[in-house]
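Residues per chain, in single letters:
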Amino acid sequence: MDLSDYITAVTAQMRCKRARAPVAKELAAHIEDQKRVYVEAGLDHTWAEAEAVRQMGDAKEVGRQLDRIHRPRMDVKTLTLVGIFSLSACFLQNMVVVAQSNGEIAAGRAAFTTLSVFLGVLLMTGILFVDYTWLEKRPLAVWIVLLLTAMVPVERIVGRECGAEIIQYLLLALFLPAYAGVICYYRKKRWLGLFLCLIWLAVGILVFYFCSGRFFSVMTIGLTGILLLVFCVVKGWFDISKHPALLALALMVGGGICVFSVYILKWRGGYQGARLEALWNGGWENSYIAEEMRRILQNLQMVGGSKISFPWEGASAFLLLMEKLGIAVAALAAAGLAMMFVLMAAGVRKQKNVFGGILGAACLLGLLLPTILHILCNFALIPYCEAVIPFLFPGWTANAVCYTLLGLYLSVYRNTDVAA
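Every chain's residues receive numbers from 1 upward, in the order its sequence appears when written. Two thresholds apply to this predicted model, a pLDDT of at least 70 for residue-level local features and 80 or more for giving and counting side-chain atom pairs, whereas whole-chain, interface and lining totals are computed over all residues. Only hydrogens and water are set aside; all other atoms, that is, all heavy atoms of the structure, feed into the side-chain values.

Undergrad: I'd like to hear about the overall build of the chain, residue by residue, with values.
TA: Secondary structure elements are defined from DSSP: runs of H or I of at least 4 residues count as helices, runs of E of at least 2 residues count as strands, and each element is numbered from the N terminus. Each helix and strand in the chain was counted, giving 19 helices and 0 strands. Within the chain, the fraction of its 420 residues that count as buried is 46%. Considering only intrachain contacts with a sequence separation of at least 6, the fraction spanning at least 24 residues in the chain is 72%. Surface exposure here means Shrake-Rupley accessible area, sampled with a 1.4 Å probe, where a residue is shielded only by the protein chains that are shown. Taken as a whole, the chain presents about 20,900 Å² of accessible surface, with 64% of it coming from carbon and sulfur. A 1.4 Å probe rolled over the protein chains alone gives each residue an accessible area, and that area as a share of the maximum for its type sets the label: buried under 20%, exposed over 50%, partly exposed in between. Pairs of residues are marked as contacts when any of their non-hydrogen atoms sit within 4.5 Å.

Undergrad: Give a description of the packing of aromatic side chains that names residues and reports values.
TA: Ring pairs are drawn from Phe, Tyr and Trp, using the six-membered ring of Trp, whenever the two centres fall within 6.5 Å, and their geometry is named by plane angle: stacked under 30 degrees, edge-to-face over 60, tilted for the rest. Here the structure, examined in full by the defined rule, presents 11 aromatic pairs. With a centroid separation of 5.0 Å and an interplanar angle of 80°, the aromatic rings of tyrosine 185 and tyrosine 186 are classed as edge-to-face. In this structure tyrosine 185 comes out as partly exposed when scored by relative accessible area, which is 43%. For tyrosine 186, a relative accessible area of 8% translates into the label buried. Plain terms: the ring middles of tyrosine 209 and phenylalanine 210 are 5.3 Å apart, the flat faces sit at 70° to each other, and that makes the pair edge-to-face. Among the residues examined, phenylalanine 210 registers a relative accessible area of 46% and is labelled partly exposed. Aromatic rings pair up to connect Trp143, Phe175, Tyr179 and Phe208 into one cluster.

Undergrad: Explain unusual backbone geometry to me, using residue names and the numbers behind them.
TA: If you check the backbone angles, arginine 190 has positive phi at about 60° while not being a glycine. With respect to the helices and strands, arginine 190 occurs in helix 11 (residues 190–212). Among the residues examined, arginine 190 registers a relative accessible area of 43% and is labelled partly exposed. At alanine 380, a residue that is not glycine, the phi angle is positive and equals roughly 60°.

Undergrad: An account of the nonpolar core is requested, with residue identities and associated values reported.
TA: Definition used in this section: a nonpolar core is a set of buried Ala, Val, Leu, Ile, Met, Phe, Trp, Tyr and Cys residues joined via side-chain atoms within 4.5 Å. Judged by nonpolar contacts, the single largest core of 104 residues is most densely connected at Phe208, Phe391 and Leu406. Top contributing element to this core by residue count: helix 10 (residues 160–186), with 14 residues. Grouped together as the second largest cluster of nonpolar side chains are 14 residues, Leu3, Val10, Ala48 and Val62 included.

Undergrad: Any chance you could break down the side chain of threonine 220 for me, citing the residues and the numbers?
TA: Turning to its location among the elements, threonine 220 is positioned in helix 12 (residues 215–234). Not counting residues up to four positions away in its chain, the partners in contact with threonine 220 are Leu369, Pro370 and Leu373.

Undergrad: Could you give an account of a nonpolar patch on the surface, with specific residues and numbers?
TA: Here, patches come from residues exposed beyond 30% relative accessible area and free of salt bridges, joined within 9 Å for like charges and within 5 Å for nonpolar side chains (Val, Leu, Ile, Met, Phe, Trp, Tyr). By definition here, a salt bridge exists when the distance from a side-chain nitrogen of Lys or Arg to a carboxyl oxygen of Asp or Glu is within 4 Å. A cluster of nonpolar side chains, Phe112, Leu115, Phe118, Leu119, Leu122 and Trp396, forms an exposed patch at the surface whose accessible area comes to about 610 Å². For the nonpolar patch, the element with the highest residue contribution is helix 6 (residues 107–128), accounting for 5 residues. As for its position among the elements, phenylalanine 118 is in helix 6.

Undergrad: I'd like a rundown of empty space enclosed by the protein, residues and numbers included.
TA: Only protein atoms enter the 1 Å grid used here. Points where a 1.4 Å probe fits but cannot escape make up a cavity, open sets with protein on both sides within 12 Å along at least five of seven lines make up a pocket, and a residue lines them when an atom lies within 4 Å of a point. Grid points are joined across faces, edges and corners, and a volume is the space filled by probe spheres set on the points. Per the stated rule, a full pass over the model turns up 2 cavities of 30 Å³ or more. Together, 15 residues line the largest cavity, and Leu172, Gly366, Pro370, Val388 and Val401 are the ones closest to its centre. Elements represented by at least two residues in the lining of the largest cavity include exactly helix 12, helix 18 (354–378) and helix 19 (396–414). Ranked by the residues each element gives to the lining of the largest cavity, the list is headed by helix 18, at 4 residues. Across the lining of the largest cavity, the residue classes tally to 10 nonpolar, 4 polar and 1 charged. Gly is put with the polar residues, along with every residue not named as nonpolar or charged; the nonpolar set is Ala, Val, Leu, Ile, Met, Phe, Trp, Tyr, Cys and Pro, and the charged set is Asp, Glu, Lys and Arg.

Undergrad: A description of the layout of surface pockets should follow, citing residues and the corresponding values.
TA: Empty space within the second largest pocket amounts to approximately 910 Å³. Elements supplying a minimum of two residues to the lining of the second largest pocket: helix 5 (76–100), helix 6, helix 10, helix 11 and helix 19.

Undergrad: How would you sum up the pattern of salt bridges? Please name residues and give values.
TA: Applying the stated criterion across every chain, the model contains 2 salt bridges. Across the salt bridge formed by arginine 295 and glutamate 292, the nearest N and O atoms sit 2.6 Å from each other. Of this pair, arginine 295 and glutamate 292 both sit in helix 15 (residues 288–298), 3 residues apart, which is roughly one turn of that helix. Overall, the relative accessible area of 35% leaves arginine 295 in the partly exposed class. With its nearest N and O atoms 3.7 Å apart, the salt bridge here joins lysine 324 to glutamate 323.

Undergrad: For the packing of helix 8 (residues 139–151) against helix 11, give the residues involved together with the corresponding values.
TA: For the pair helix 8 and helix 11, the least separation of the axes is 9 Å and the interaxial angle reads 20°. The orientation of helix 8 relative to helix 11 falls into the category roughly parallel. The two elements helix 8 and helix 11 cross, and the hand of that crossing is left-handed. For the pair helix 8 and helix 11, contact is made by Leu140, Trp143, Ile144, Leu146, Leu147, Ala150 and Met151 and by Trp200, Val203, Gly204, Val207, Phe208 and Cys211, respectively. Its residues assigned to classes, the contact of helix 8 with helix 11 shows 12 nonpolar, 1 polar and no charged. Axis lines are fitted to C-alpha atoms, over the contacting stretch for helices. Their N-to-C directions set the angle, which ranges from 0 to 180 degrees. Note on angle classes: values under 35 degrees are labelled roughly parallel, values over 145 roughly antiparallel, values of 65 to 115 roughly perpendicular, and the remainder oblique. By definition, turning the near helix anticlockwise from the far helix through less than a right angle yields a left-handed crossing, and turning it clockwise yields a right-handed one.

Undergrad: I'd like to hear about the environment of alanine 178, residue by residue, with values.
TA: Inspection of the secondary structure puts alanine 178 in helix 10. Owing to a relative accessible area of 6%, alanine 178 belongs among the buried residues under this scheme. Residues alanine 178 and proline 139, 39 residues apart in the sequence, show an inter-C-alpha distance of 6.8 Å. Other than its neighbours up to four places away in sequence, alanine 178 contacts Val142, Trp143 and Leu146.

Geometry only, nothing functional implied.
This is the structure:
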């Protein structure tokens, strides 16, 4: 059996078609290396190849072993946690909606709360079976299309409220995955690539800020994009010195924040300027909402809760959970989320494909950072803001964002041993 026939026989045993090409390339390289050794020892080329092939072992047995190794697999632990949280989300999100409506809620609205979770799970299931590597093939095209879509006046087409939700979904669910492709595309350009990644991030932030007006959401995604860049630099994927690169990032990002802040305060003004001034001066600490949150926090019970008047909404979902069900239940929910994030981080570390690692990290950061900000906000440690927390924040957009990022992460994990 010659080299070509042997590789064909081995890969024929592999059920995952995407894994066949990289395996065939690896086998051919190994056999050629062994053949070269035999030729240098004096064997004829034909005999050297035959001996190198023979030493590889039975083609069918080798193929079956490789099939077990190189095939899609599920992150069962994370998927199990997501399933448990999804079942709980139907109750928890409905609790937020009931509190938001002051206890008066129609059965239809409760059904829609459950339906949004169910459709989110369906969305995640569909995404996790899609080959995520298509994002790597035309990253700049995907990024530019995303920015152009954000600039389309969708509010005039589908209405103001629906249009705002579409822009929010594009920002929170698709911005980071698309930006992961941009980073992967430019990383081989070293210092120039790092600079271009920052330029594209700044462009994306400005486009979504002027198109949505969601100051906090845009700034959160911007910070997440910067953390993703830092992660890639630390991993060595830009092939540049880490400490100078991190210092350069800090200087460029700091300068950009200063310029943007001056623009908001001096020229933009209005509501966003007032919010920025309050943040800078610490005025938010004496606001009505912050004081009410502290009052609730001081009266929390370990188990069970009480009915306290407060303008409940999705942004205060974690505080509502503590107030209605007690500290113990909220701590259990936080521990479950922390476990899910730890499992996702472990999955990112296992990635052999660089783009898989970047995309997995983007999905993790896209869920983790808003969760941290949401909890800090609900403890009145930072200004009140609409940070989305997975499984607790109700609404079509919040669920779609959560399950889209989870689906992309699970797709990355599923193809850990498949993607080259």
